[in-house]
Amino acid sequence: MSKEVDLFVGRKIRAKRKVIGLTLSDVAESLGKSAAQVLQYEVGHTRVSTGILYNIAVLFKVEISYFFKGYEEQKNKVVQEDTLKKFDSLDEAKKAKLLSLLDLI
């Protein structure tokens, strides 16, 4: 699960950086990191430490919680999509049986 959070936070960093018009180099310079390191944060290959995330939040002028908003909703959506895919992969007899069991609830 922590990898999912890393990916989510990284995507939020990248999206916000682009919205406010900063380059990877701009962010890297502000953080004292390389552009390659910032890219690793954005793609979720490297976990962003709380200190670095705080500095990014200050740079982007957002609350640190900004980077986590929407995570639970996305996680729930993925679980629902996975469940639907599993259901769709069942043969018709199994689908009917499962639906009849759900009617009992």
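Residues numbered from 1 in each chain as written. Predicted model: local features only at pLDDT ≥ 70, side-chain atom pairs only at ≥ 80, totals over all residues. Heavy atoms only, no water.

Enquirer: Tell me about the pattern of salt bridges, and please be specific about residues and values.
Expert: If you walk through the whole model with that rule in mind, you get 4 salt bridges. Where salt bridges share partners, they join R14, R17 and E42 into one cluster. (Salt bridge = Lys/Arg side-chain N within 4 Å of Asp/Glu carboxyl O.)

Enquirer: So what's going on with helix α2 (residues 24-31)? Which residues, and what values?
Expert: Along α2, the residues classified as buried are V27, A28 and L31. Mapping the buried residues of α2 onto a view down its axis gives an arc of 100 degrees, with all of them on the same face. Against α1 (2-19), α3 (35-42) and α4 (50-60) lie the buried residues of α2. Looking one or two residues beyond α2, the residue adopting positive phi is G32, at roughly 75 degrees. (Buried < 20%, exposed > 50% of the residue type's maximum accessible area, 1.4 Å probe, protein only. Helix = DSSP H or I, 4+ residues; strand = E, 2+ residues; numbered from the N terminus. Arc of directions from axis to C-beta. Contact = heavy atoms within 4.5 Å.)

Enquirer: Break down the nonpolar core for me, citing the residues and quoting the values.
Expert: Counting 15 residues, the largest nonpolar core has I13, V48, I56, F60 and F67 as the members making the most contacts within it. Only α1, α2, α3 and α4 provide two or more residues apiece to this core. Counting residues per element, this core draws most heavily on α4, which supplies 5 residues. (Core = buried A, V, L, I, M, F, W, Y, C linked by side-chain atoms within 4.5 Å.)

Enquirer: Explain the side chain of D6 to me, and be specific about the residues and the numbers.
Expert: The residue D6 is located in helix α1 in this model. Among the residues examined, D6 registers a relative accessible area of 13% and is labelled buried. A distance of 3.1 Å separates polar atoms of two side chains, one belonging to D6 and the other to R47. Among residues more than four places away in sequence, those in contact with D6 are Y41, G44 and R47. (Polar contact = N/O pair within 3.5 Å; in protein donor to acceptor, adjacent residues only side chain to side chain.)

Enquirer: Tell me what's going on with a nonpolar patch on the surface, and back it up with residues and numbers.
Expert: A cluster of nonpolar residues, Y54, V58, I64 and F68, forms a patch on the protein surface that exposes about 370 Å² of accessible area. With respect to the secondary-structure elements, Y54 resides in helix α4. (Patch = residues over 30% accessible without salt bridge, like charges linked within 9 Å, V, L, I, M, F, W, Y side chains within 5 Å. Areas by Shrake-Rupley, 256 points an atom, 1.4 Å probe, with all protein chains shown as cover.)

Enquirer: Before we move on, can you summarise α4 with the specific residues and values?
Expert: Along an α-helix, a turn takes 3.6 residues, which lines up residues three or four apart on a common side. Residues of α4 that are buried include every one of I52, L53, I56, A57 and F60, and no others. End-on view of α4: buried residues confined to an arc of 140 degrees, all on one side of the axis. Each element contacted by the buried residues of α4 is listed here: α1, α2 and α3. Looking one or two residues beyond α4, the residue adopting positive phi is K61, at roughly 60 degrees.

Enquirer: With reference to specific residues and values, describe the environment of L53.
Expert: Position of L53 relative to the elements: it lies in helix α4. With 40 residues separating them in the primary sequence, L53 and I13 have C-alpha atoms 9.0 Å apart. Discounting residues that sit within four places of it in the chain, L53 has contacts with V9, I13, V48, I64, F67 and F68.

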